[in-house]
Amino acid sequence: MDSGAFPRALSRRYFDLVIFDLDGVLTDTAALHARAWKALFDAFLAERGLEPPFDLDSDYRHYVDGRPRLDGIRSFLAAREVSVDPQTLERLAAAKNATFRHLLEVEGVPLLPANIAFLHRVRAAGFRTAVVSASRNAPVILEAAGLTDSIDIVISGVTAADEGLAGKPAPDTFLTAAKRLGIEPARATVVEDAEAGVAAARAGEFGLVIGLAGREASQEIRTGLAQRGADLVVDDLSEVAIHGSAPLQPASDLPSALQEIEQLREVAAGRSFAFFLDYDGTLTPIVGRPDLAVLDPEMRAVLADLAATSTVAVVSGRGLADVRKLVGVPGLIYAGSHGFEIEGPAGLSIQAEHGTEFLPALDAMEATLRAGLRAIEGALVERKRFSVAVHYRLVAAEDQPRVETAVDAVLAEHPEFRKGRGKKVYELQPDIEWDKGRAVRWVIDALRLDSGKVLPVYIGDDVTDEDAFRALASDGLGILVRDGGAPLTAARYTLETPDEVRRFFAALLERRP
Ligand SMILES: O=P(O)(O)OC[C@H]1O[C@H](O[C@H]2O[C@H](CO)[C@@H](O)[C@H](O)[C@H]2O)[C@H](O)[C@@H](O)[C@@H]1O
């Protein structure tokens, strides 16, 4: 298996269309084709006393696989330095097709189950799909295989002949499929098992070219596909993850990231991790007061180890200076005030602030809230640079509505702010399009982490973390720290407590290559 430099995940963020070759990709008719070619050429060569006979492996791959029927005959005969007149060419083509149809009738259409499952998964994730095959039999085969409804468009050997399209390795048939669906080649992925097909997709400048080698493939076959321009060579398509949109699921239905750590590493498929970590409730347990939420030294040590090999960013609702001090691990990226203020370590020049024009209003709101809540026992006002938090965890149940009333009164004076909610806290923030999800994407862009070589993972426990889970739905993944709760979430895995977060990191570090 070639790990390759390209992502083993197909993301709706980058692609709209998946184009499949047919024979050897969705159906195992390549073997039937190869046998039909061998029967044809062996008889032809024997008649002329020519040696050696047609090789089912190398001759098939180099000269006929993926090419239109007549081109395949020409290309094989040219390799054997034989030329024939046009009538003989037509006769040979007809004979090959008759043998192939006979084999199809007798043996049925053999399917490649892992790749068919992939086709259904890409449909479910919202991709358009096309089949581009040099075979004139493609529509018949798709119908017999029950796949017609799963394919938006078929460009077959018949289409190519009718419309005068050059066959593979020319890119024309692939380009026609993308054009008919109104999708740029750069946003389309091609899956091909034939060298000619891979070369055609490369020539068409398609966004991602997946070479399908098959489980039994020799190193020569894999190298051949890579040399013709496959970005990624896989045994079958079960190796390629699909990232669609982010449906909300009950947290109780999601797998545990700790128990399924091997599955998670398979999703990463050789990519390194970049971790984005919430603080309260994720790195430390929720406690009575914000100032009591100190980081366990064991967690600090694990974070330091993790940061030695992976990008680690802490993305917190707390103020930047506060969370940086609490975590106390040098070399991390810190994003405070729910991502409104971001700073990287010295040498990594990333820094951003969003909403500085709101600072005077925040000062005024803070003063009003402190004065107004002084009389309510247990109410706490916490100022972060870009937000004001009002905590009511320690407020008696009967007094809690008074806290919200005070907060709403301040908000009524400042309609340019919004009221967020967290765990026993109201958060007053500038009402601009910025949140933890956008902050995470900002860091990914700033550090160019979307090269396909990194899997961004966000771990968080609160509603504000859902923005980040959603932001990573197509090219990363979220892990919800449940703490007993079972909300609907856009995360894909769960962990139970901050202690389990630490054990998860320790387990990953143990498995580090
Ligand atoms: O985004 P986070 O890093 O999770 O920060 C969210 C808020 O966390 C803190 O408040 C919460 O934790 C406190 C300590 O456990 C707890 O007492 C409080 O009830 C929780 O809401 C922090 O004080 C806030 O500023 C953060 O916005």
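The preceding data block contains the structure.
Residues numbered from 1 in each chain as written. Predicted model: local features only at pLDDT ≥ 70, side-chain atom pairs only at ≥ 80, totals over all residues.

A. Seen up close, the sheet that holds strand β2 (residues 17–20). Across the sheet, six strands lie side by side as β4-β3-β2-β5-β6-β7; this open sheet has parallel pairing. Each edge of the open sheet carries a strand with a single partner, namely β4 (153–155) and β7 (232–234). With direction set aside, neighbouring strand axes in the sheet form an average angle of 20 degrees. Across four bridges, β2 lies against strand β5 (residues 188–192) in parallel orientation. What sits directly across from L17, in β5, is A188. (Pairing = 2+ DSSP bridges. Helix = DSSP H or I, 4+ residues; strand = E, 2+ residues; numbered from the N terminus. Axes fitted to C-alpha atoms, helices over the stretch in contact; angles between N-to-C directions.)

B. Summary view of the pairing of strand β11 (residues 311–315). Of all five residues making up β11, five are buried, and the element is well covered by its neighbours. Neither face of β11 is left uncovered, since the one carrying T311, A313 and V315 and the one carrying V312 and V314 both have all their residues buried. Bridge count between strand β10 (residues 272–277) and β11: four bridges; the pairing is parallel. Directly across from A274, in β11, lies its bridge partner T311. Note that the unit made of β10, helix α12 (residues 297–309) and β11 has a crossover that is right-handed. By the bridge criterion, three bridges tie β11 to strand β12 (residues 333–336) in an arrangement that is parallel. By the bridge assignment for β12, V315 is matched with A335. (Buried ≥ 20, exposed ≤ 12 C-beta atoms within 10 Å, placed from the backbone. Right-handed = clockwise from strand over helix to strand, strands pointing away.)

C. Region of interest: the nonpolar core. A313, V314, V315 and V440 are the most contacted members of the largest nonpolar core, which has 54 residues in total. The greatest single-element share of this core, amounting to five residues, is contributed by strand β19 (residues 454–460). Among all residues touching V314, those that are not within four sequence positions of it are L277, Y279, V323, V327, L332 and Y334. F127, A194, A200 and L232 belong to the second-largest nonpolar core, a separate cluster that totals 50 residues. (Core = buried A, V, L, I, M, F, W, Y, C linked by C-beta atoms within 7 Å. Contact = placed C-beta atoms within 7 Å.)

D. Quick look at the site of the ligand. The immediate surroundings of the ligand are formed by 24 residues, with Y279, D280, P290, S316 and G317 found nearest. Secondary-structure elements contributing two or more residues to the shell around the ligand are β16 (387–391) and β18 (425–430). Here the residues of the shell around the ligand sort into seven nonpolar, seven polar and ten charged. Mapped onto the domain boundaries, the shell around the ligand takes at least three residues apiece from domain 3 (249–354 + 434–510) and domain 4 (357–430). (Near = placed C-beta within 6 Å. Nonpolar A, V, L, I, M, F, W, Y, C, P; charged D, E, K, R; others polar. Domains from an automatic or database assignment.)

E. Seen up close, the environment of R503. Looking at where R503 falls in the secondary structure, it is placed in helix α18 (residues 498–510). Residue classification places R503 among the partly exposed positions, given that 17 C-beta atoms sit within 10 Å. With 201 residues separating them along the chain, R503 and V302 place their C-alpha atoms 9.0 Å apart.

F. The arrangement of helix α6 (residues 138–145) in detail. Every buried residue belonging to α6 is among A138, I141 and L142, and all of these are buried. In a view along the axis of α6, the buried residues occupy a sector of 100 degrees, so they form one face of it. In the core, the buried residues of α6 are packed alongside α1 (29–47), β3 (128–132), β4 and α7 (157–163). Downstream of α6 by one or two residues, G146 has phi in the positive range, about 75 degrees. (Arc of directions from axis to C-beta.)

G. Region of interest: the sheet that holds strand β14 (residues 351–353). Reading across the sheet, the eight strands line up as β14-β13-β12-β11-β10-β19-β20-β22 and stay open at both edges, with mixed pairing between neighbours. Single-partner strands in this sheet number two, and they are β14 and β22 (493–495). Geometrically, the sheet is characterised by an average inter-axis angle of 20 degrees between neighbouring strands, direction not taken into account. Here six bridges tie β10 to β19, and the two strands are oriented parallel to one another. Bridging from a neighbouring strand, F273 pairs with L455 of β19. On top of the sheet, α18 reaches β19, β20 (477–481) and β22; it is set at about 115 degrees to β22, its chief contact.

Honestly, that's just the spatial picture; any functional story needs more than this.
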